[in-house]
Amino acid sequence: MNPVVLIAEELAPAAIEVLAHDFDVRHVDGTDRPALLSALSEADAVIVRSATHIDAEAIAAAPRLKVVARAGVGLDNVEVPAATTRGVMVVNAPTSNIVSAAEQAVALLLAVARNTASASAALKVGEWKRSKYTGVEVQGKTVGVVGLGRIGVLFAQRIAAFGTRLIAYDPYIQPARAAQLGVRLVGLDELLRQSDFISIHLPKTSETVGLIGEKELAIVKPGVRIINAARGGLVDEQALADAIAEGRVAGAGVDVYAKEPCTSSPLFAFDNVVATPHLGASTHEAQDKAGLAVARSVKLALQGEFVPDAVNVQTGGVVAEDVRPLLPLAEKLGRAFTAVAGGIAASVTVDVRGEVVSNDVSVLKLAATKGLFSSVVEEQVTYVNAPHLAAERGVEVSLVTRPETAEEALLVTIRGALPDGRTVSVSGTSITGVREVNKLTEVDGFDVEIGAEGILVFLRYADRPGVVGAVGTLFGEAGVNIAAMQVARREAGGETLMTLTVDQALGADLLTSVAESVGATSASAADLREE
């Protein structure tokens, strides 16, 4: 049975096409709460826009849920902490509407500068009053950009084409970066005092709510026009209305409000305010981009791949092409480590060697952590909750990177200290060719070379004749086929490690029986099959 992807709101046909071949795509009206909760009971993924609320109740109603996707930027309608606790990945489309949002801010600025909306409304009711709606040119004016994130940068690039002088306030960007963009960084007060136009491009956080209030509006340059197409609440609407009424602010363009939907605001009383109902992302292109982006993320998530746009994964961003093949390797090494160790380590180091460390390989620590807990906890272990599981159990996972060595062009090692003082290690590498091949190269100090796939069995015993044949016979009598076997020893007659690949899962009784029959000092199995 294919995984079920539940679409709770309208999605672009191209996005549905991305999912249709590999998944059972179902539809439900996300605003119909009983229908939504019922449909979630069989869903592996759910895709929403802004009208559907995925809260703790909805997540609890979806025992198979692996990913919640918001086809848009904000996540106000998704209870991310509840999803994280359950190990459910939450993804959105952070770049889908950035061009549309930047263009909306430009459109509002131009409309405010030229009184476009009020002049249009007047003409449509029979008033021809050209002098009443005389505006101002943008060329030569100082435009203050509050926030130089992705949208702020796009806005600055576009408004610069009008021959403006650009200044910006953003405490998290370096002056050199701003200079590259042709923008001079200033403090907020200086920006308020110098700007003829102010456009806000900040996220809504506890630090930014009310950033532009009565105090700030008291020091603005007289005749300033203020644009907010970012988030409601960044500008105090009542304070802005008062400043417009007093003539300190010549006009405003507002697309977002503290409470939405908003049909009543003190700002609506002014002809020199252009107000729109949160249209920043409302273009066909942005909607299509958002749908396609989350559809691709859902596909990656359900196929067990790393998802760059997961908002509740500790390591995000694009994974380099050289690093991507190592994600399953690191996870499998984590599973093998736990099997060899026989339990959870007190601390673990993920050691990565080779040219690959010229990239950001921090995601490999996350993949290894996922593998460490896959066989020891009852709940589903994902990239989302793996760090939480490690923290709960007091397991510190660290990352060490080293350049290429003569021994291995690429080597990933998981090394850990156990509560009883023992140290355990497992190493592996990935070989590229017609297909990616992951293999183990070392297990607790023994040199091995066996595929990191299927079900691996590890037996330790004192080297002596007849053990290999006895193990083969015991597994054969139990109906278990051995696909591969390797024996490694440090010296003749010394401690030996036998590593086998078998075709089916072993019961604990069988493994114990085999170990006792050959006098093994330890026996364990690791399931490295793809989930």
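Our subject in this report is the structure included herewith. Chains are numbered independently. Their residues run from 1 in the order of the written sequence. Given that the model is predicted, a residue must reach a pLDDT of at least 70 before its local features are reported, and side-chain atom pairs must reach 80 or more before they are shown or counted; all residues, however, enter totals for whole chains, interfaces and linings. Side-chain measures were taken over the full set of non-hydrogen atoms in the model, leaving aside hydrogen atoms and water.

Concerning the overall build of the protein chain
For clarity, the cut-off: Helix numbers and strand numbers start at the N terminus; a helix is a DSSP run of H or I with at least 4 residues, a strand a run of E with at least 2. C-alpha atoms define the radius of gyration, and 2.2 Å times the number of residues to the power 0.38 defines the globule rule. Exposed residues in this analysis have more than 50% of their type's maximum accessible area, buried residues have under 20%, and partly exposed residues fall in between, with area computed by a 1.4 Å probe over protein chains only. Residue contacts are defined here by distance: any two heavy atoms, one from each residue, within 4.5 Å place the two residues in contact. Values of accessible area rely on a 1.4 Å probe in the Shrake-Rupley scheme; residue burial ignores everything except the protein chains shown.
A tally of helices and strands in the protein chain yields 17 helices and 22 strands. Against the globule reference of 24 Å for 531 residues, the protein chain gives a C-alpha radius of gyration of 30 Å, more extended than a compact globule. Going through the 531 residues of the protein chain one by one, you find that 48% of them count as buried. Of all intrachain contacts in the protein chain linking residues separated by at least 6 positions in sequence, the fraction that spans at least 24 positions is 64%. Carbon and sulfur atoms make up 51% of the accessible area of the protein chain, which totals about 24400 Å².

A few points about unusual backbone geometry
The peptide bond linking Glu-260 to Pro-261 adopts the cis configuration, its omega dihedral lying at 0°. With respect to the secondary-structure elements, Pro-261 resides in the loop between strand S11 (249-254) and strand S12 (273-275). Although it is not a glycine, Asp-444 adopts a positive phi angle of roughly 50°.

Comments concerning the sheet that holds strand S16 (residues 423-431)
Paired through their backbone hydrogen bonds, the strands of a sheet run either parallel or antiparallel. Which entries qualify depends on this criterion: We call two strands paired when DSSP finds no fewer than two bridges between them. For helices, the fitted axis covers only the stretch in contact; all axes are lines through C-alpha atoms, and the angles between them, taken along N-to-C directions, range from 0 to 180 degrees.
The 6 strands are arranged S14-S13-S15-S16-S17-S18 in an open sheet whose pairing can be described as mixed. If you trace the sheet from one side to the other, it starts and ends with strand S14 (396-402) and strand S18 (446-451), each paired once. Averaged over all neighbouring strand pairs, the angle between strand axes comes to 20°, with direction disregarded. In the sheet, S16 pairs with strand S17 (residues 437-443) via 6 bridges, with the strands oriented antiparallel. Bridge pairing links Ser-427 to Glu-442 in S17. Helix H13 (residues 326-341) contacts strand S13 (347-354), strand S15 (410-417), S16 and S17 of the sheet and is inclined by roughly 155° relative to S16. Running at roughly 140° to S14, helix H14 (residues 362-373) makes contact with S13, S14 and S15 of the sheet.

Thoughts on the packing of aromatic side chains
Within a pair of aromatic rings, the relevant descriptors are the distance that separates the centres and the angle that separates the planes. Rule in force here: In this scheme Phe, Tyr and Trp rings, the latter by its six-membered ring, pair at centre separations within 6.5 Å, and the angle between planes marks the pair as stacked below 30 degrees, edge-to-face above 60, and tilted otherwise.
By the definition in use, this model includes 1 aromatic pair. Their ring planes at 80° and their centres at 5.9 Å tell us that Tyr-257 and Phe-268 sit as a pair that is edge-to-face. Of this pair, Tyr-257 sits in the loop between S11 and S12 while Phe-268 sits in the loop between S11 and S12, and the two are 11 residues apart along the sequence.

Quick look at the pairing of strand S21 (residues 495-502)
For S21, the tally of buried residues reaches 7 of 8 residues, placing the bulk of the element in the interior. Bridging between strand S19 (residues 455-462) and S21 involves 8 bridges; their strand directions are antiparallel. Directly across from Leu-456, in S21, lies its bridge partner Thr-501. Pairing analysis gives 7 bridges linking strand S20 (residues 482-489) to S21, with the strands arranged antiparallel. Residue pairing for S21: Ile-482 is matched across the bridge by Val-502.

What about helix H7 (residues 150-160)?
Of the residues making up H7, those classed as buried are Gly-152, Val-153, Leu-154, Phe-155, Ala-156 and Ile-159. Buried positions along H7 lie against helix H5 (98-113), strand S6 (142-146), strand S7 (165-169) and strand S9 (197-200).

Observations concerning the environment of Glu-57
To be explicit about the condition: Pairing of N or O atoms within 3.5 Å defines a polar contact, subject to two protein rules: one partner must be a possible hydrogen donor and the other a possible acceptor, and residues neighboring in sequence count only if both atoms are side-chain atoms.
Tracing the chain through its elements places Glu-57 in helix H3 (residues 56-60). For Glu-57, a relative accessible area of 47% corresponds to the partly exposed category. Apart from residues lying up to four places away in sequence, Glu-57 is in contact with Arg-33 and Leu-37. A distance of 2.8 Å separates polar atoms of two side chains, one belonging to Glu-57 and the other to Arg-33.

Topic: the side chain of Thr-413
Secondary-structure assignment places Thr-413 in strand S15. Thr-413 gets classed as buried once you look at its relative accessible area, which sits at 3%. A distance of 2.8 Å separates a polar atom in the side chain of Thr-413 from a polar atom in the side chain of Ser-427.

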